[in-house]
Amino acid sequence: MSAIAVQQRLQQLLIALRQEIARHADGACRLPRFDAQLFLTKGTRLADYLQEVEQNFARLCDSSHDLARSAWLAERLVDQIAALQREASTQQLRTRREQPIKLPRTTQYQEYREFERRLLAMIDQREQRLALAETLAVQHQLKQDLETLEGRLARCRQAIRSVEWAASLRGNEDGE
């Protein structure tokens, strides 16, 4: 197999791996995920290891003139990709102790975003029904429903801004 064919195949594997990892929650794990001989990364998230794989792939593409180094790096990449694929595909099987730690703010933020999405869908549905309503009583009820939903949406968006604000403050504390 030529070097170009190997690089193309590794790139395809890398794309598939990136998509697989994106489908899973990627919080910090309590335990190390991989052996230190396989990955130099000390991170605890799959994305940290994926970044190392991508860097190694870039090195492989740059060092195509050195065949011995390219062969070693290609073999290492295959091992790293295989390990990451196994880890990503078994996330649902992890015991509670081994699962990623979800940060409360992140979980709360995602919940608020889901509430916002659902409220927007409900508002849209009520507006469509209001446009088709024939009686004054039905129109009045739908307008009241819309006011209630819009109030909930405003509170939901305020909660989202509050979580974002708290996260930005936390980010400033970590950066100093």
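One structure accompanies this document, and this report is about it.

The rules behind these values
Residues numbered from 1 in each chain as written. Predicted model: local features only at pLDDT ≥ 70, side-chain atom pairs only at ≥ 80, totals over all residues. Heavy atoms only, no water. Core = buried A, V, L, I, M, F, W, Y, C linked by side-chain atoms within 4.5 Å. Buried < 20%, exposed > 50% of the residue type's maximum accessible area, 1.4 Å probe, protein only. Helix = DSSP H or I, 4+ residues; strand = E, 2+ residues; numbered from the N terminus. Axes fitted to C-alpha atoms, helices over the stretch in contact; angles between N-to-C directions. Parallel < 35°, antiparallel > 145°, perpendicular 65-115°, else oblique. Left-handed = near helix turned anticlockwise from the far one by under 90°. Contact = heavy atoms within 4.5 Å. Nonpolar A, V, L, I, M, F, W, Y, C, P; charged D, E, K, R; others polar. Patch = residues over 30% accessible without salt bridge, like charges linked within 9 Å, V, L, I, M, F, W, Y side chains within 5 Å. Areas by Shrake-Rupley, 256 points an atom, 1.4 Å probe, with all protein chains shown as cover. Salt bridge = Lys/Arg side-chain N within 4 Å of Asp/Glu carboxyl O. Lys, Arg positive; Asp, Glu negative; His and termini not counted. Charge placed at Lys NZ, Arg CZ, Asp CG, Glu CD. Polar contact = N/O pair within 3.5 Å; in protein donor to acceptor, adjacent residues only side chain to side chain.

### Some words on the nonpolar core
- Grouped together as the largest cluster of nonpolar side chains are 20 residues, with contacts concentrated most on L10, I21, F39, V53 and L84.
- Every element with two or more residues in this core is listed here: α1 (3–22), α2 (46–62) and α3 (67–89).
- The element that contributes the greatest number of residues to this core is α3, accounting for seven residues.
- Grouped together as the second largest cluster of nonpolar side chains are nine residues, L146, C156, I160 and V163 included.

### Regarding the packing of α2 against α3
- Two elements in contact, α2 and α3, have axes separated by 10 Å at closest approach and are oriented at 160°. Relative to α3, the element α2 is oriented roughly antiparallel. Judged by the twist between their axes, the crossing of α2 over α3 is left-handed. Here L46, Y49, L50, E52, V53, N56, F57, R59 and L60 of α2 lie close against α3, whose contacting residues are R69, S70, L73, A74, R76, L77, Q80, I81, L84, E87 and A88.
- A breakdown of the residues in the contact of α2 with α3 according to their chemical character gives twelve nonpolar, three polar and five charged.

### Description of a negative patch on the surface
- Together, D124, E127, E147 and E150 make up a region of like negative charge exposed at the surface.
- Broken down by secondary-structure element, the contributors of at least two residues to the negative patch are α4 (104–132) and α5 (136–175).
- Relative to the helices and strands, E147 is located in helix α5.

### Re the pattern of salt bridges
- The tally for this structure, following the rule as stated, stands at six salt bridges.
- Two residues, D145 and R126, come together in a salt bridge whose shortest N-O distance is 3.6 Å. Residue D145 is found in helix α5, and its partner R126 is found in helix α4; the two are separated by 19 residues along the sequence.
- By relative accessible area, D145 is classed as partly exposed at 22%.
- Sharing partners across several salt bridges, the network here consists of R113, E116, R157 and E164.

### Focus: the side chain of E116
- Considering the arrangement of structural elements, one finds E116 in helix α4.
- With relative accessibility at 11%, the residue E116 sits in the buried group.
- Looking at E116, its side chain comes within polar contact range of the side chain of R113, at 2.7 Å.
- When residues no more than four places from it in sequence are discounted, the contact partners of E116 are L153, C156, R157 and I160.

Note that every value here comes from positions in space, so none of it alone points to a role or purpose.
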